[in-house]
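Observations on chain architecture
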Amino acid sequence: TLELNNALRMLFDGVSIEPQTIDRNGRTGPFVINTMGNIDKEQVKDFRLIAEEMSELAREHVDQLMPCASDNPSPSQDCIDLFLQDFVGKAFRRPLDQDDLKGLRQLYKAGEETGGVTQGVQYVVEATLQAPSFIYIHEDASQGARRLSDFEIAQRMATLLWRSIPDHELIEAASQGQLQDPAER
């Protein structure tokens, strides 16, 4: 629960957020590298309720989450992509690939068609906070022992230091390939 609350504070920077609780029932929780644990029905419900609450909060802070869209009822695709890369990329702890962007753009557009920019942002926030890429830390173990990527190193550092998701500086360092060298960390 600590990791979840820290991540929400990081995603909604500067917004006062009520602490959230996930009923763990003795299971491993968010942001734990975990290949065997499953989320039970009550935890799914908890994540859904938190995602709904946070998406309502997002409606009130669209200008902060998507500043390029303020006073613009139809933001450009670049503006939408900037919001998606920033918010969802931060939540997923990695850059979004083209498949991610395609699905998220469709989700945003469905919301925008229904209720404008605010609804588009709300749809994306709600889906993001229930996505496995937010709830779990993913590391590719299919290749056996290997060197961690810069984004995996950033995630491990953030989890160790802050029990949260990587901040902007850590993501930027990972994007520039600066985390492979221990002297750069």
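Let us look at the structure shown here. (Residues numbered from 1 in each chain as written. Predicted model: local features only at pLDDT ≥ 70, side-chain atom pairs only at ≥ 80, totals over all residues. Heavy atoms only, no water.)

Details of the overall build of the protein
In terms of regular secondary structure, the protein is built from eight helices and zero strands. Starting at the N terminus and walking to the C terminus, you meet the elements of the protein as α-α-α-α-α-α-α-α. Dimensions of the protein, computed from the C-alpha atoms along their principal axes, are close to 50 × 40 × 30 Å. Looking at the 185 residues of the protein, the share that counts as buried comes to 44%. A sequence separation of at least 24 residues applies to 61% of the contacts in the protein between residues at least 6 apart. On the protein, roughly 10,000 Å² of surface is accessible, and the fraction owed to carbon and sulfur atoms is 50%. (Helix = DSSP H or I, 4+ residues; strand = E, 2+ residues; numbered from the N terminus. Buried < 20%, exposed > 50% of the residue type's maximum accessible area, 1.4 Å probe, protein only. Contact = heavy atoms within 4.5 Å. Areas by Shrake-Rupley, 256 points an atom, 1.4 Å probe, with all protein chains shown as cover.)

Overview of the state of the cysteines
Under the counting rule described, the total for this entry stands at one disulfide. The disulfide bridge from C68 ends at C79, spanning 1.9 Å between sulfur atoms. The chirality of the disulfide connecting C68 with C79 is right-handed, given an S-S dihedral of about 90°. Of this pair, C68 sits in the loop between α3 (62-65) and α4 (77-92) while C79 sits in helix α4, and the two are 11 residues apart along the sequence. Given the relative accessible area of 33%, C68 is considered partly exposed. (Disulfide = S-S within 2.5 Å.)

Let's talk about the nonpolar core
Considering soluble globular proteins, one finds that nonpolar side chains tend to be buried as a cluster. Ranked by size, the top nonpolar core spans 39 residues in total, and within it F12, M66, F83, L84, V121, V125 and F134 carry the most contacts. Those elements that provide at least two residues to this core are α1 (2-11), α2 (41-60), α3, α4, α5 (98-128) and α6 (132-135). Looking at this core, the element that brings in the most residues is α4, giving eight residues. Core analysis: the second largest hydrophobic core is formed by 10 residues, A154, A158, L170 and A174 among them. (Core = buried A, V, L, I, M, F, W, Y, C linked by side-chain atoms within 4.5 Å.)

Regarding the environment of P75
Mapped onto the elements of the fold, P75 is located in the loop between α3 and α4. With 58 residues separating them in the primary sequence, P75 and I17 have C-alpha atoms 27 Å apart. Once residues lying within four places of it in the same chain are set aside, the contact partners of P75 are M66, A69, I80, Y108, E112 and V117.

Observations concerning helix α7 (residues 150-162)
What sets the pattern is the α-helix's 3.6 residues per turn: residues three or four places apart point alike. Taking 1.5 Å as the rise per residue, α7 with 13 residues should run 18 Å; its terminal C-alpha atoms sit 18 Å apart, in good agreement. Taken residue by residue, α7 has D150, F151, E152, I153, A154, Q155, M157 and A158 as its buried positions. Contacts from the buried residues of α7 go to α8 (168-175). Trailing α7 by a residue or two, R163 shows a phi angle of about 55°, which is positive. (Expected span 1.5 Å × (residues − 1).)

Topic: the pattern of salt bridges
A side chain with one charge may pair with a side chain of the opposite charge, provided their charged atoms come close. The final tally for this structure, using the stated rule, is six salt bridges. Between R48 and E52 there is a salt bridge, and its shortest N-O distance comes to 3.4 Å. Of this pair, R48 and E52 both sit in helix α2, four residues apart, which is roughly one turn of the helix. Judged by relative accessible area, which is 35%, R48 ranks as partly exposed. Given the relative accessible area of 31%, E52 is considered partly exposed. The closest approach of N and O atoms between R146 and E152, which form a salt bridge, is 2.6 Å. Classification of R146 by relative accessible area gives partly exposed; the value is 28%. (Salt bridge = Lys/Arg side-chain N within 4 Å of Asp/Glu carboxyl O.)

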